[in-house]
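One letter stands for each residue in the lines below.
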Amino acid sequence: SISAPSLRARITLHPLRLLQYARSIVRSVSQVRKILLHLEPDLIHANSPRAGIVATLATAGTSRRVVWHVHDILPRHPVSLAVRMLGYVSRRTRMIAVSDATARAFCGRLRFGDRMRTIHNGVDLSRFPSKEPGASQFKKQLGIPQESFLVCAVGQICARKGLKELLHAFRQSYAAAPGMHLAIVGKVVFSHEEAYREQLMKYVADAKIGDRVHFTGEMRDASAVLRGADLLVLNSLEEPFGLVLVEAMSSGTPALAARVGGIPEIVTDAMN
C-alpha cells in the first residue's frame, strides 16, 4: 500500500483557516499527483468529497476518471458550492451517494444527470445476528436489572445526533417509566464537539437522572450492544443514511428514528 498525505480542510469562511486549508490541499494534490503518475490507475475511487477534490485536481490534464463517494449531506455554504462546482465542471468525475437525500443535497440545482447515482450503504448481516432469548450481557455490563427496558443511542457524540433532545425526552418520561434506562454509546470524534459532550453530562447531573443514564464511551462490539438493547433510537437532526438502523434491525432490535435525510429510505413507519 502507498500512503497519501493527510488533508486538513473543513467548511469555513474564516480567512486564516481558509488559507491553511488551501495550503493543505495544494500539498496533498502535489503528492497525490506523483503517486498517481507512478501507479497509472484506470479509475480512482475517492471516498469523500475532500478526497474527490484532491483526486480531481491531481489528475487535471489527464483522462483519468474519478468517482466521488458522497457520505455526508453538504450544508448550504459558499465553500460547499465551490466543491459541487468542481465536481460538476469536471466531466471526468462521477458521483455515488449513500442515499437519495444525500444525492439531492449534493446536486442542489446542478444537473448531474446520470453522473450521480445512489448506492445505499451495505452491512455484513452475518456480523449482526438476531438476538436470542436469555440474559442481556450488555445489561449485565451496565449493572442494570434484566427486566429493565434499555434504550440505546449508538454513534458519534455530536450535536447533529440530537442527543440533548433525546436526554430531554428521557427526562420527561423518567418518573413515569422507572424501569427505563438510556445508554449513550459512542465518543467525540472532533475536538470541537467535546464541549457538547460536557453539556450533555451537565444536563444529566442537573436533571438528576444520572442513575439511569449511562455514557459508555466507544464499544468495539456494536453487535452485542444492539442485541442487548430493547430499543435503538436515532434522533438525528440530519442523517445521510443511518447504518446503525440496518444493524439494529438485523439484530432483531426495534428502531425508532427521526424522519430526516436518508432515514425514510431504509425505515418504513410502523413496519417490521
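Small disclaimer: the values here were computed from a predicted structure and weren't measured.

Undergrad: So what exactly am I meant to see when it comes to the packing of helix α6 (residues 163-173) against helix α7 (residues 194-207) here?
TA: Helix packing geometry: the angle between the two helix axes and the distance between the axes. Running from amino to carboxyl end, α6 crosses α7 at an angle of 10 degrees, the nearest separation of the two axes being 10 Å. Taken together, the axis directions place α6 and α7 in an arrangement best described as roughly parallel. Facing L163, K164, L167, H168 and R171 of α6, the residues of α7 in contact are Y196, Q199, L200, Y203, V204 and A207. Looking at the contact of α6 with α7 residue by residue, the classes come out as seven nonpolar, two polar and two charged.

Undergrad: Help me out: how do you make sense of the environment of L245 in this one?
TA: By the secondary structure assignment, L245 is in helix α9 (residues 243-250). Residue class for L245 comes out buried when judged on its relative accessible area of 0%. Counting along the chain gives 97 residues from L245 to S148, while the straight-line C-alpha distance between them is 22 Å. For L245, the contacting residues outside a window of four places in its chain are L232, L234, A255, A257, I263, I266 and V267.

Undergrad: Would you explain the pairing of strand β3 (residues 93-97) in this entry?
TA: Every other side chain in a regular strand lies on the same face of the sheet, so the side chains alternate between the two faces. Summarising burial for β3: four of the five residues are buried, a large majority. Note that strand β2 (residues 65-70) and β3 share five bridges and pair parallel. For H69, the partnering residue across the bridge sits in β3 and is I96. As a crossover connection, the stretch from β2 through helix α3 (residues 78-89) into β3 is right-handed. Relative to strand β4 (residues 116-118), β3 runs parallel, the two sharing three bridges. Opposite M95, over in β4, you have M116 as the bridge partner. The handedness of the β3 to β4 crossover, carried by helix α4 (residues 100-107), is right-handed.

Undergrad: Is there a simple way to explain the sheet that holds strand β8 (residues 231-234) in this structure?
TA: The pairing of strands in a sheet comes from backbone hydrogen bonds and takes either a parallel or an antiparallel form. Spatially, the five strands line up as an open sheet ordered β7-β6-β5-β8-β9, and their pairing is parallel. Only two strands of the sheet have a single neighbouring strand rather than two, namely β7 (213-217) and β9 (255-257). Neighbouring strand axes in the sheet, compared pairwise and without regard to direction, differ in orientation by 25 degrees on average. Both β8 and β9 contribute to a ladder of three bridges, which runs parallel. Bridging from a neighbouring strand, V233 pairs with L256 of β9. Along the sheet, α9 contacts β5 (149-154), β8 and β9; its crossing angle with β8, the most-contacted strand, is approximately 170 degrees.

What counts as what
Residues numbered from 1 in each chain as written. Predicted model: local features only at pLDDT ≥ 70, side-chain atom pairs only at ≥ 80, totals over all residues. Heavy atoms only, no water. Axes fitted to C-alpha atoms, helices over the stretch in contact; angles between N-to-C directions. Helix = DSSP H or I, 4+ residues; strand = E, 2+ residues; numbered from the N terminus. Parallel < 35°, antiparallel > 145°, perpendicular 65-115°, else oblique. Contact = heavy atoms within 4.5 Å. Nonpolar A, V, L, I, M, F, W, Y, C, P; charged D, E, K, R; others polar. Buried < 20%, exposed > 50% of the residue type's maximum accessible area, 1.4 Å probe, protein only. Pairing = 2+ DSSP bridges. Right-handed = clockwise from strand over helix to strand, strands pointing away.

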